[in-house]
Amino acid sequence: MAESQKKYELFDANQLAADEFFQQWVLNPSREATLFWEQFLKENPEKQTSIEEARRLIEVLHFQLPAMAETKVIALKKRLENSIRQPLFVSETPILPLRQSFFNRTRWMAAAAVILMLGTIFFWQYSNRPTEYTTSFGQTRQVTLPDGSVVNLNANSSISFAQNFSEQPVREVWLKGEAFFSVKHTANHTKFRVHAEGLDVDVLGTEFNVSDRRNTTKVVLQSGKVQIKSAKQSAILQPGEMVEFSHSTKQLAQRKVPVKRYSSWKEKVWLLDGEAMSEVAQRIEDSFGVEVVFENPSLANEKISGTIPTGSLEEVNEILSDLLKANCVLTNHKLIIK
Amino acid sequence: MPAEQHPKITATAWARLKAGDSYALGELYDAYVQLLYKFGKRHCQDDELLTDAIHDVFEDIWNYRATLSDVETSNIQFYLFKSLKTKLLKYLNRQARHTELTDNQEYLHEYVESAELFIVSQEIDRHQQHQLTQQIALLPKRQQEALLFRFYDNLSYDEIAELMSLTRHSVYNLIYKALSQLRDNWVFDLIFLVFIVGFKNF
């Protein structure tokens, strides 16, 4: 919005507070708006008090209104489900063991044999080398798949898929590291499958984050519906839930999480809310390929909250020094926290 | 962050809904049912009637999904509010014919006092929260309504104007008057507090 600075020169605090452009800046500051008001203040320093007062007035207007009781919310959703005669609730089956009867196993083996044969035939026909995208440490990239789905690849990760990906009965990708997927729904409802270490994620159209680092594969669902299958278990994820799969115990665990915290990396920031510094150190190691060394071990337990821009390791280092009030030194391949 | 971050659905979910994915309607419901309730509650105290209206808003979306436009996801809330307002007006009018209530347009606009609105800003202490809540309760109903649309629902002046059947300029005036009055009283309170504290220190 190109507002003119002149317009505001004669405004008092009340007029500023009632101005939509000013309110928008206080409630939801954009970079342009912040530049605008900084510039305005520089040229009209006498307006500082008015701006502060107007700002404060808007900031305290934080309302709470009575909400609908949770039981009523569910009852109304069921009523709606009945009247449109279509399911609204994503099935709430928690983690279920997959039956592994002898019959099942032979069937799987037969299926595997068929797939192997088909695979060989496909290989002969197309001699199709999969397309692969990789990122190095400190780098993220966005990849658009042939079907229009978008994958944000985090640092030190790779994704691969067949060249004739879109024509397959199931759209399959293989992931190492971490990625955020926005999957496009196709007209004929083709499944989309992500293979991560020890886990398959099956989806229709949806948005979710998959990371497999440090012997744990994590899937966090932002919207839509996905099904997770490990060798022995399966789970259906609701938006806002995460499934963790431990590579050592081969067990799935499901819980609710703040999704933003797991996908903010694609906006090049980490949102931290009381994470231990040791966890942040792991992220740094995974994303930038340096080793984090604590000279004062108690700092590893320090809880960190806030937003860390992750454009470069230097930037992360600077903000960490600030947050921890410690001296962080960056050497070749090491980040030393003193 | 002063303004409450309302849940939103993504453009992908909206597209899935249009394509006939009922789970996407479920997501839309989860994201907006409370906002719709809180909006409706300000105008209609009859819970049963309000619930019916909310149900019909979502049912209509499903039945007419093929004709839904590519709404910007930031406009979905406003779209739902408009739809709920139309439904409420219709039902209240129908009810009025039965009970012979007059002037239902007024009834809808009448801001309900028992709406139990609270200021919960973390920036000020409980005492100040309480005072500010009381001051807001003293404002004319239309000013309260406009304040909530702007600072609770995050609607733009143009959207508020459309919902309240006013010009954009009248909406500005309502909010300007409300904020000026709050600020005057509030500044007065602060001076008063400083005085008390100063007095105690003697």
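Residues numbered from 1 in each chain as written. Chains lettered and ligands numbered in written order. Predicted model: local features only at pLDDT ≥ 70, side-chain atom pairs only at ≥ 80, totals over all residues.

By the naming in an unreviewed UniProt entry, chain B goes by Sigma-70 family RNA polymerase sigma factor and is assigned to Runella salmonicolor. Per its UniProt entry, chain B bears the Sequence similarities (unreviewed entry) comment "Belongs to the sigma-70 factor family. ECF subfamily." (UniProt positions renumbered as here; feature names shortened; annotations may be inferred.)

An unreviewed UniProt entry annotates chain A as FecR domain-containing protein of Runella salmonicolor.

Peer 1: Would you explain the packing of helix α7 (residues 141-151) of chain B against helix α8 (residues 157-164) of chain B in this entry?
Peer 2: Axis angle and axis distance: for two packed helices, these are the angle between their axes and the distance between the axes, and together they describe the pair. Residues and elements named next belong to chain B. Running from N to C, α7 and α8 point in directions that differ by 140°, and their axes come no closer than 10 Å. By the angle between their directions, the pair α7 and α8 is classed as oblique. For α7 against α8, the interelement crossing comes out right-handed. On the side of α7, the interface is formed by E145, A146, F149 and R150, while α8 contributes I160, L163 and M164. Counted by class, the contact of α7 with α8 contains five nonpolar, no polar and two charged residues. (Axes fitted to C-alpha atoms, helices over the stretch in contact; angles between N-to-C directions. Helix = DSSP H or I, 4+ residues; strand = E, 2+ residues; numbered from the N terminus. Parallel < 35°, antiparallel > 145°, perpendicular 65-115°, else oblique. Left-handed = near helix turned anticlockwise from the far one by under 90°. Contact = placed C-beta atoms within 7 Å. Nonpolar A, V, L, I, M, F, W, Y, C, P; charged D, E, K, R; others polar.)

Peer 1: Just to check I follow, could you spell out the environment of Q77 of chain B for this structure?
Peer 2: All names here are of chain B. As for its placement among the helices and strands, Q77 is situated in helix α4 (residues 76-99). Residue classification places Q77 among the buried residues on the basis of 21 C-beta atoms within 10 Å. Along the sequence, Q77 and A31 sit 46 residues apart, while their C-alpha atoms lie 9.6 Å from each other. Aside from chain neighbours lying at most four places away, what touches Q77 is Y32, L35 and D153. (Buried ≥ 20, exposed ≤ 12 C-beta atoms within 10 Å, placed from the backbone.)

Peer 1: Please clarify how the sheet that holds strand β17 (residues 291-294) of chain A should be interpreted in this entry.
Peer 2: Each strand in a sheet pairs with its neighbour through backbone hydrogen bonds, running either in the same direction (parallel) or in the opposite one (antiparallel). Residue and element names in this part refer to chain A. Read from one edge to the other, the open sheet built from three strands follows the order β17-β20-β19, with strand pairing classed as mixed. Across the chains shown, the open sheet's two edge strands, defined by having one partner strand only, are β17 and β19 (328-331). Neighbouring strand axes in the sheet, compared pairwise and without regard to direction, differ in orientation by 20° on average. The pairing of β19 with strand β20 (residues 334-337) spans four bridges and is classified as antiparallel. Residue pairing for β20: C328 is matched across the bridge by I337. Its contacts with the sheet place helix α9 (residues 313-324) against β19 and β20, and it is angled at close to 160° to β19. (Pairing = 2+ DSSP bridges.)

Peer 1: Help me out: how do you make sense of the nonpolar core in this one?
Peer 2: Soluble globular proteins: nonpolar side chains tend toward being buried together. Counting 66 residues, the largest nonpolar core has L25, L28, L36, I54 and L84 of chain B as the members making the most contacts within it. No other element matches the twelve residues that helix α2 (residues 22-41) of chain B contributes to this core. If you look at the next biggest cluster of nonpolar residues, it comprises 32 residues, including L175, A179, F180 and V219 of chain A. (Core = buried A, V, L, I, M, F, W, Y, C linked by C-beta atoms within 7 Å.)

Peer 1: Hey, could you run me through the environment of K176 of chain A in this one?
Peer 2: All names here are of chain A. Relative to the assigned elements, K176 resides in strand β7 (residues 170-182). With 19 residues separating them in the primary sequence, K176 and H195 have C-alpha atoms 8.8 Å apart. Residues contacting K176, with those up to four places away along its chain left out, are S157, S158 and D212.

Peer 1: What is the right way to look at the pairing of strand β9 (residues 199-203) of chain A in this model?
Peer 2: Every other side chain in a regular strand lies on the same face of the sheet, so the side chains alternate between the two faces. All names here are of chain A. Only one face of β9 is covered, namely the face carrying L199, V201 and V203; the face carrying D200 and D202 is uncovered. In the sheet, strand β8 (residues 191-196) pairs with β9 via five bridges, with the strands oriented antiparallel. Bridging across to β9, H195 finds its partner in D200. From the end of β8 to the start of β9, which pair antiparallel, there are two residues, and G198 there has a positive phi angle of about 80°. Sheet topology note: the β9/strand β12 (residues 226-229) ladder contains four bridges and is antiparallel. When the bridges of β12 are listed, V201 appears paired with I228.

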